[in-house]
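# Understanding the architecture of this molecule
Letter by letter, the chains look like this.
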Amino acid sequence: MSKPRIGVLALQGAVAEHMRMLELAGAEAIAIKKVDELSEIDGLIIPGGESTTISKLMYKYGFMDAIRQFANEKKPVFGTCAGAILIANEIEHAPEAHLGLMDMKVARNAFGRQKESFEIKMPIAGVASDFPAVFIRAPLILKIGNNGEVLAKHEDNIVAARQGQFLAASFHPELTDDYRLHKYFLDMVKEYQTTGKASV
Ligand SMILES: NC(=O)CC[C@H](N)C(=O)O
């Protein structure tokens, strides 16, 4: 079977780092700069960075509707840090969501000033017992919808979750050499490719 093709939304943020991890995990990584490039990929990562900036650029280049359409085709989407904020359907203290794909409520910059940035090892269900998670002005997942699955918690707060084709992490899984969470996303993409084929 050929390698799954995974895109990284390349408007702002940690793009090259995600591409490197995807390649280590066995995918073909593609930087997505224009909407028509979405048709070339089987799954999409929306990286960390600054969610307001990425959102503005998404509107400017027509990505809002194009990514919603991509998700409608049952293709997996993984949002990390700012990317998790962008895929959430509810943001605390914000009047509206951005893409509103995944049924979860997030809070931005939720760790307070002394803990703006830190690294810990933590268990992630189905991924690792000791995953090195780097948090940088990270959001928290306050709640997830009924069919969502909590994958990781830090001090009782949800920091990684999955809901069907959607995966979200508060932290940056692309800043170390540990590509196990990228591998997990790759397996999700393969699962959806197989499901897609089986249903036709
Ligand atoms: N590292 C990050 O992606 C930080 C996210 C940023 N604090 C935001 O709200 O967009």
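Residues numbered from 1 in each chain as written. Predicted model: local features only at pLDDT ≥ 70, side-chain atom pairs only at ≥ 80, totals over all residues. Heavy atoms only, no water.

## Remarks on the UniProt feature "binding site: L-glutamine" (unreviewed entry) in the chain
- Mapped onto the present numbering, the UniProt feature "binding site: L-glutamine" (unreviewed entry) falls at G49, E50, S51, R108, I136 and R137. Spanning 89 residues, the named residues form one tight spatial group whose C-alpha atoms are at most 12.8 Å apart.
- Looking at the secondary structure, you find G49 in the loop between strand 3 (43–46) and helix 2 (51–60).
- If you trace the backbone, I136 turns up in strand 8 (residues 128–136). (UniProt positions renumbered as here; feature names shortened; annotations may be inferred. Helix = DSSP H or I, 4+ residues; strand = E, 2+ residues; numbered from the N terminus.)

## A few points about the packing of aromatic side chains
- Summed over the entire model, instances satisfying the criterion amount to six aromatic pairs.
- Where F135 meets F171, the ring centres are 5.6 Å apart and the plane angle is 55 degrees; that geometry is what we call tilted. One end of the pair, F135, is in strand 8; the other, F171, is in the loop between strand 12 (166–169) and helix 5 (180–199), and 36 residues separate them in sequence. As far as the burial class goes, F135 and F171 line up, both buried.
- Chaining the aromatic ring pairs together yields one cluster made of F111, F118, F131, F135 and F171. (Phe/Tyr/Trp six-rings, centres within 6.5 Å; stacked < 30°, edge-to-face > 60°. Buried < 20%, exposed > 50% of the residue type's maximum accessible area, 1.4 Å probe, protein only.)

## Some remarks on the nonpolar core
- One finds I124, F135, F171 and L181 to be the most contacted residues of the largest nonpolar core, which totals 35 residues.
- Breaking this core down by element, the ones donating at least two residues are strand 1 (5–9), helix 1 (15–25), strand 7 (117–124), strand 8, strand 10 (149–154), strand 11 (157–163), strand 12 and helix 5.
- Ranked by the residues each element gives to this core, the list is headed by helix 5, at six residues.
- In this structure, F135 is in contact with F111, E116, S117, F118, I120, M122, V159, S170 and F171, ignoring residues within four places of it in sequence.
- In terms of nonpolar packing, the next biggest core, distinct from the first, is built from 33 residues, F63, A82, I85 and I158 among them. (Core = buried A, V, L, I, M, F, W, Y, C linked by side-chain atoms within 4.5 Å. Contact = heavy atoms within 4.5 Å.)

## A closer look at the pattern of salt bridges
- Counting across every chain of the model gives twelve salt bridges.
- Between R180 and D178 there is a salt bridge, with its nearest N and O atoms 2.7 Å apart.
- Among the charged side chains, a salt-bridge network with shared partners connects R5, E28 and E40. (Salt bridge = Lys/Arg side-chain N within 4 Å of Asp/Glu carboxyl O.)

## What to know about the UniProt feature "active site" (unreviewed entry) in the chain
- Per the UniProt record, "active site" (unreviewed entry) is found at C81, H172 and E174. For this annotated set, covering 94 residues, all C-alpha atoms fall within 10.8 Å of each other, a compact arrangement in space.
- Within the secondary structure layout, H172 lies in the loop between strand 12 and helix 5.
- When residues no more than four places from it in sequence are discounted, the contact partners of H172 are G48, C81, V134 and I136.
- As for its placement among the helices and strands, E174 is situated in the loop between strand 12 and helix 5.
- For E174, a relative accessible area of 2% gives the class buried.
- Among residues more than four places away in sequence, those in contact with E174 are A14, E17, H18, M21 and H182.

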